[in-house]
Amino acid sequence: MNAPTDRHVVDVADAARERWQREYSAGVADQGDVVNVSGIAIAPLYTAADRPVGGDAALGYPGQPDYTRGIYATMHRGRTWTQRQLVGLGTPADYNARLLALLDRGASAVSLIPCNSVYRGLDADSVDVELLGTCGTVVNDAAHMARCLEGVDLARVSCAMNDPSPFTLLAFMLVVAERRGVDWSRITGTSNQSDYLSHFVANHMFYRLALPGARRVLVDHIAWCRTHLPRWNPMSVVGQHMQQAGATPAEAMAFTLATAVQNAEDCIARGLDPDEFLPRFTFFFDVSMSFFEEIAKFRAGRRIWARLARERLGAKDERSWRFKFHAQTSGVDLTREQPLNNIARVTAQAMAGIFGGLQSLHTDAYDEAYATPSEAGARIAIATQNILREEARLTDVIDPLGGSYYVESLTDAMEERIVAIMKTVDDAGGMYKAVESGLVQRMIGASAMRFQRRVESGEQVVVGVNKYRDDDAAEQRPPVERPDRAAIEQLRDALVAAKAARPAAAVARALDGLTRASERDDGNVFAAVVDAARAGCSHEEICSRLRRDLGFGQPLVIV
Amino acid sequence: MTTAARPLASALADRAVAGDRRALARLLTLIDDEAAGADDAATRLAQRAGRAWVVGVTGVPGSGKSTLVDALLGAWLAEGHTVAVVAIDPSSPVSGGAVLGDRIRMTANAADERVFIRSFSARGELGGLSRAARAAVDCFDACGFDRIVVETVGTGQSETAIVALADTRVVVCPPGLGDEVQAIKAGTLEIADVLAVSKGDLPLAAQTARELRDMLLLRPRASGEWRPQAVVVCALDGSGLDELGAAMAQHRATFGVGRRRTAARDPVRAMATIGNVVASPTPHDDGWRGRIAALAARDGLCATLGIAVRGGGAGSAVVAMTVDARHLNFNGGCHGGAIFALADSAFGLASNSHGPVASGIDAHITFQTAVAAGDTLVARAVEVQRSRRIGVYRIDVVREHGGGETPVSSFTGTVYIQG
Amino acid sequence: MNDPAPAGFRPRVLVTKIGLDGHDRGSRIVAAACRDAGMEVIYTPPWQSIAAVVKLALEEDVDVIGISSLATDHLIVPKLVAALRDAGLGEVRVVVGGIVPEDEARALVADGVRAVFHPGSTLDDITTRIRDYAGETRRARAGAEDGR
């Protein structure tokens, strides 16, 4: 703290603090300690005394290392965050309609969530028809992708494909771009959730190849994109899955940074220079209801990443040190009871993400807790962002909470906690080994159980669930939309027909190309996936062949 | 309300033997619940049992045993066998409940019609084997399953219960145990007919196998007794599975199947024929460790020839030496005297490990294969017999290489014990 | 005749997921809670086929099957109920936990599902009711077997 030189000033300051302490203790019944989700104790008041000497000066400026206040000098004042809403439902035609409507209303980028069947590596003709298109769009080949993206200018709109190894959706998209005469070097976007480790940890549906196979294909993908898709972000390191699975905010940030380090080291081992690929690393996080904790988490993350990139990974370019992240408001915080309350929740979560300095934001629809979002819910989610930006004018000031005694204290405390957890991972041999052995899963499982007990005991209030209940709330839940069964069946039948009509030799050759690439250490599997997409191979055909060659992913289950 | 009709368990037993899987599953529950007539039904089925090969698979949590069992399942199914798995997990001492998760690793094979997997909780019983699990083995046997795997969590001496139940016992060790190898020696290691070092793709696996082989050889062994084998296995790519299968088959060929029934009839004779079981575990004497280290440190010849201590025990020792220019004879091969010195060093350390000074009074050596510069030789001494004044030791010298070991020399020595 | 579900009996419960979804935070917590409540829980990874679940239920002689459904996998639970019946396991109670819209929850119960647990159910509530349902299964089974 700034030490006052005047004895009189010191005396006055001490007296003031003592008076506050007295009045506070008299006025507040014994509450016990308040502890945030990551386990850090929270005081009722923070003052200059909580700041280290020179702490404010050490904060620095936005756009300058270590970026605590933001990765760019201009932040949202210069360019607002990207409103990238995840969209996924039904058939490609359904997706296209919803997408064009959202783009019309202010969403500035595309994000495609495929159906769970796609995540499992299956085509529509392999799955119970009841399960198709309920949580995402069915996309099984380049023709489907073309329908999804009708009317979207791929040279100008940023696209995110939510698709893990072997990234077939991106391959389909590139084939579509090629056929439309769009130069690949102009395409921007992200291989969203390309992080195989977080999927493995959270036993996510996004699980296809065995760990070693997924590891190899990821590096192939990064290397290929560097050459052919210079404006594309092939690496999206995900913290969201782990936090949704129960990791505390500090754990989620620590495990995510550890994953990024692991992936970076794998690329360096492949012979890539960190400055060649780190500028294209992006992060994807959860934003939960723990408002200030989330802000501190992001600010601490930025600082730690800058240091790691520079000191541990040897990156020299400042662009490699910048922690770029997309945030999604936390779905597990939303409730089924009194669902309209979720609009308030999403607003608070979005604000925390914005104050945390995100680059891109997805706000959940209020009905997300019990269904795929309705059109009405999706519209309100976008409007929420518009309101925060243009009515509450949250973009006027960069890092407005910078210098706050609480936020800076908490940022420091979160940084310490995150670094300690990362050390646990390092001691286990790095993130890959820690995940393979189940250590990370055990830690997350323990946090999940702790949180559950806190909710059940009432220590953590969930409005409408364990407090402020309203048992007549059932009418507030709008009916759930399910995709049109007839349209789905038609899509499936058309797919079967399309597969039968293809030149079989070209398909077989392309699939063999996948095998050849897998067998050679210097083969690039993703390049072979793009070739296969061009030859008309379907998603399941590509995934099955690679599962055969590189291993079928089996989840590691820890109870 | 029962009538004079026979108990349900009896009817289920008849149906189970006729191939009704549901009846078999229900019977196992009745036995577990100690329902009326269940014990009689179990006994009746036990009398029909004795054909199946019962393989016990034990290992600490995280050792990879379930994955290994799955690999065994796959191999046996490919050979056309029917396999039952009795998977036992510990129960919570607090609630008595359990999560039975061994099946998780066997998902693909579990779907096969020729496989029947039943999970049990240990229910707090010592030995990790519930009474019901033991009865289950007889039931599966009587119902025609020709291979039965009993999978338990091995945490120490309590796992010796698997000894009496299984015909062939496989202990699964994760690689990289280091000093923990000593810890598992008491109890678990001693019951192993075959030791499978899992996760064979890891670099430490080969070393762990070597350490285990050393430990196994140090144990006293009567002539003709089964020598436990250590195999490195990688379930991911299947490497080592053939060797594991061969070692197990060899054991089966030697000792046969159905031994639990022999044990039930004649416990004393059974213990004598059950391979390498220590009938009453000797108290753990750790003093040897310090003694052997101190003796080796004082030995001038060991220092001169580069002979190093690898391990030891009460009455045993393992030393090693890499052949270099110092050890060569005029023909360029390893000097017989150097090999003798190596074996004799092991002899001396083993015979002096108990404390009282023991002096060699007789020694014989045979040389079986040529040894060249660069070879690493390992000498292992075991105590054959020891009375108050006289001790007899046998030392095997082997050449150690990547693929295993080649016998080089046999040495026997007698000491006179002073004091 | 012994009470097939006496006070201290140990229910055997299968906790699993069928269909396409892989999120299992909830099912793992429920499995652990059932163990802590004294039950024997057989836990599987997600993505089990209906045939695999039926085979498992038969071999392990489970009392209750708990299906976790966070997306739409509950839509094929009626197929599981039918398959259990066909295999002679019709008395085994099936419960579903997770995110299930009201009308679909009602349909599940009409199709033979014993209960649907929504988010907000406490672990105590879930384990108590599962124990009750296990007792129902045992009594139903005993009744059927008595007739033989």
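All residue numbers here refer to positions counted from 1 along the written sequence of the relevant chain. Think of it this way: whatever chain is written first is A, whatever ligand is written first is 1, and the rest follow in order. In keeping with the model being predicted, local features are shown solely for residues with a pLDDT of at least 70 and side-chain atom pairs are shown and tallied solely at 80 or more, while totals for entire chains, interfaces and linings include all residues.

## Comments concerning the overall build of chain C
Under the scheme used here, helices are H or I runs from DSSP no shorter than 4 residues and strands are E runs no shorter than 2 residues, and both carry numbers assigned from the N terminus. Tallying secondary structure elements over chain C gives five helices and five strands in all. Listed by position from the N terminus, the elements making up chain C come as β-α-β-α-β-α-β-α-β-α. Throughout, radius of gyration means the C-alpha value; the globule benchmark is 2.2 Å times the number of residues raised to the power 0.38. Against the compact-globule benchmark of 15 Å for 148 residues, chain C has a radius of gyration of 14 Å, which places it among compact chains. C-alpha extents for chain C along the principal axes are approximately 45 × 30 × 25 Å. By definition, residue pairs are in contact when their C-beta atoms, positioned from the backbone, come within 7 Å. Within chain C, contacts between residues at least 6 apart in sequence are counted, and of these 76% link residues at least 24 apart.

## Some words on the overall build of chain B
For chain B, the helix and strand inventory stands at 15 helices and 14 strands. The buried share of chain B, reckoned over its 419 residues, is 48%. Looking at chain B alone, contacts between residues at least 24 apart form 72% of all its contacts between residues at least 6 apart. Partly exposed residues are those whose C-beta has more than 12 but fewer than 20 other C-beta atoms within 10 Å; 20 or more makes a residue buried and 12 or fewer makes it exposed, with C-beta atoms placed from the backbone.

## Observations concerning the sheet that holds strand S4 (residues 93-98) of chain C
Any two strands with at least two DSSP bridges between them are considered paired. The strand order across the open sheet built from six strands is S3(B)-S2(C)-S1(C)-S3(C)-S4(C)-S5(C), with neighbouring strands paired in parallel fashion. Edge positions in the open sheet fall to strand S3 (98-100) of chain B together with strand S5 (115-117) of chain C, since each of these has one partner strand only. The sheet shows a mean angle of 25° between the axes of neighbouring strands, taken without regard to direction. The pairing of strand S1 (residues 12-16) of chain C with strand S2 (residues 40-43) of chain C spans four bridges and is parallel. All axes are obtained by fitting lines to C-alpha atoms, using only the stretch in contact for helices, and the reported angles, taken between N-to-C directions, cover 0 to 180 degrees.

## Digging into the confidence of the model for chain B
Residue and element names in this part refer to chain B. Known as pLDDT, the predictor's confidence for each residue is given on a scale from 0 to 100. Of all residues in chain B, 83% attain a pLDDT of 70 or more, and the chain-wide mean is 82. When pLDDT is averaged over each element of chain B, helix H15 (residues 336-352) comes out on top at 95 and helix H12 (residues 267-273) at the bottom at 43. Residue range residues 267-285 is modelled with pLDDT below 50. Its contacts to residues more than four positions away, or to other chains, number 24 contacts.

## Focus on the nonpolar core
Counting residues in hydrophobic clusters, the biggest one holds 316 residues, and the most contacted among them are Val 86, Cys 139, Leu 342 and Ala 346 of chain B. Among the elements that take part in this core, helix H11 (residues 249-270) of chain A stands out by supplying eleven residues, more than any other. In this structure Leu 342 of chain B touches Ile 307, Val 319, Met 321, Leu 377, Ala 379 and Val 397 of chain B, once residues within four positions along its chain are discounted. Each nonpolar core comprises buried Ala, Val, Leu, Ile, Met, Phe, Trp, Tyr and Cys residues, the members being joined through C-beta atoms within 7 Å.

## Focus on the packing of helix H2 (residues 21-32) of chain B against helix H6 (residues 131-142) of chain B
All names here are of chain B. The geometry of H2 relative to H6 is characterised by a closest axis approach of 9 Å and an angle of 150° between their N-to-C directions. Considering their axes alone, H2 and H6 lie roughly antiparallel with respect to each other. Remark: the crossing between H2 and H6 carries right-handed chirality. Across from Leu 24, Leu 27, Leu 28, Ile 31 and Asp 32 in H2, the residues of H6 making contact are Ala 132, Ala 135, Ala 136 and Cys 139. Note on residue categories: nonpolar means Ala, Val, Leu, Ile, Met, Phe, Trp, Tyr, Cys or Pro, charged means Asp, Glu, Lys or Arg, and polar means any other residue, Gly included. Split by residue class, the contact of H2 with H6 holds eight nonpolar, no polar and one charged. An angle below 35 degrees is treated as roughly parallel, one above 145 as roughly antiparallel, one from 65 to 115 as roughly perpendicular, and anything else as oblique. Should the near helix be turned counterclockwise from the far one by less than a right angle, the crossing is left-handed, whereas a clockwise turn marks it as right-handed.

## A closer look at the interface of chain C and chain A
The interface is formed by 28 residues belonging to chain C together with 32 residues belonging to chain A. The dominant element in the side of chain C that touches chain A, judged by the number of residues it contributes, is helix H1 (residues 25-36) of chain C, at five residues. Residues belonging to the side of chain C that touches chain A are distributed by class as follows: 15 nonpolar, seven polar and six charged.

## Topic: the sheet that holds strand S10 (residues 316-322) of chain B
All names here are of chain B. On the basis of which strands lie adjacent, the open sheet formed by six strands has the order S9-S10-S12-S13-S14-S11 and antiparallel pairing. Where the open sheet ends on each side, the last strands, each with one partner, are strand S9 (308-313) and strand S11 (358-367). With strand direction ignored, the average angle separating the axes of adjacent strands in the sheet is 20°. One ladder, built from five bridges, connects S9 with S10; its direction is antiparallel. Residue Gly 312 lies in a different strand from S10, and its bridge partner there is Ala 317. Across the face of the sheet, helix H13 (residues 287-298) comes into contact with S9 and S10 while running at roughly 155° to S9.

## Comments concerning the pairing of strand S8 (residues 229-232) of chain B
Residue and element names in this part refer to chain B. Burial along S8 is two-sided: Gln 229 and Val 231 facing one way and Ala 230 and Val 232 facing the other are all buried. Of the strand pairs in this sheet, strand S7 (residues 194-197) and S8 are connected by four bridges, and their pairing is parallel. Bridge assignment links Val 194 to a residue of S8, and that residue is Gln 229.

## Concerning the domain arrangement of chain B
An automatic or database domain assignment is the source of the domain bounds shown. Domain annotation for chain B reports domain 1 (1-47), domain 2 (49-273) and domain 3 (287-417). Each of domain 1 of chain B and domain 3 of chain B was reduced to a C-alpha centroid, and the two centroids are 60 Å apart.

## What about helix H4 (residues 65-78) of chain B?
What a helix is expected to span follows from its residue count: subtract one and scale by 1.5 Å. Along its 14 residues, H4 of chain B runs 20 Å from first to last C-alpha, staying within 8% of the 20 Å computed at 1.5 Å per residue. Among all positions in H4 of chain B, only Lys 65, Ser 66, Leu 68, Val 69, Asp 70, Ala 71, Leu 72, Leu 73 and Trp 76 of chain B are buried.

## Some remarks on unusual backbone geometry
A cis geometry characterises the amide bond from Pro 65 of chain A onward to Asp 66 of chain A, with omega recorded as 0°. Phi angles above zero are rare outside glycine, and Tyr 468 of chain A is one such case at about 55°. One non-glycine residue, Asp 61 of chain C, lies in the positive phi region at around 50°. Residue Asp 61 of chain C is classed as buried on the basis of its 21 C-beta neighbours within 10 Å.

## Overview of H6 of chain B
Residues and elements named next belong to chain B. Over its twelve residues, H6 runs 17 Å from end to end, which matches the ideal 16 Å to within 8%, given 1.5 Å per residue. Of all twelve residues in H6, eleven are buried; the element is thus mostly enclosed. Those residues of H6 lying buried are Ala 132, Ala 133, Arg 134, Ala 135, Ala 136, Val 137, Asp 138, Cys 139, Phe 140, Asp 141 and Ala 142. Following H6 by one or two positions, Gly 144 adopts a phi angle in the positive range, close to 100°.

## So, the confidence of the model for chain C
Mean pLDDT over chain C: 91, with 97% of residues reaching 70 or higher. For this predicted complex, the interface score ipTM comes out at 0.93, while the overall pTM is 0.76.

## Notes on the environment of Gly 464 of chain A
Residues and elements named next belong to chain A. Note on placement: Gly 464 falls in the loop between helix H18 (439-457) and helix H19 (485-501). Along the sequence, Gly 464 and Ala 446 sit 18 residues apart, while their C-alpha atoms lie 26 Å from each other. Not counting residues within four places of it along the chain, the set of residues in contact with Gly 464 comprises Thr 335, Glu 337, Gln 338, Asn 341, Arg 469 and Asp 470.

## Observations regarding the packing of H11 of chain A against helix H16 (residues 405-427) of chain A
Residue and element names in this part refer to chain A. Taken N-terminus to C-terminus, the directions of H11 and H16 make an angle of 50°; their axes are 8 Å apart at the nearest point. Accordingly, the angle class assigned to the pair H11 and H16 is oblique. Crossing handedness for the pair H11 and H16: right-handed. Note on element contacts: H16 touches H11 through Met 414, Arg 417, Ile 418, Ile 421, Met 422 and Val 425, opposite Ala 250, Glu 251, Met 253, Ala 254, Leu 257 and Ala 258. A breakdown of the residues in the contact of H11 with H16 according to their chemical character gives ten nonpolar, no polar and two charged.

## Let's talk about the pairing of strand S4 (residues 115-121) of chain B
Residues and elements named next belong to chain B. With seven of seven residues buried, S4 lies mostly within the body of the structure. Across seven bridges, strand S2 (residues 83-89) lies against S4 in parallel orientation. Following the sheet pairing, Ala 87 is matched in S4 by Ser 119.

## Let's talk about the environment of Leu 439 of chain A
Residues and elements named next belong to chain A. Along the polypeptide, Leu 439 turns up in helix H18. In this structure, the C-alpha to C-alpha distance between Leu 439 and Val 425, residues 14 residues apart in sequence, is 8.5 Å. If near-sequence neighbours (up to four positions away) are discounted, Leu 439 is found in contact with Ala 428 and Ala 434.

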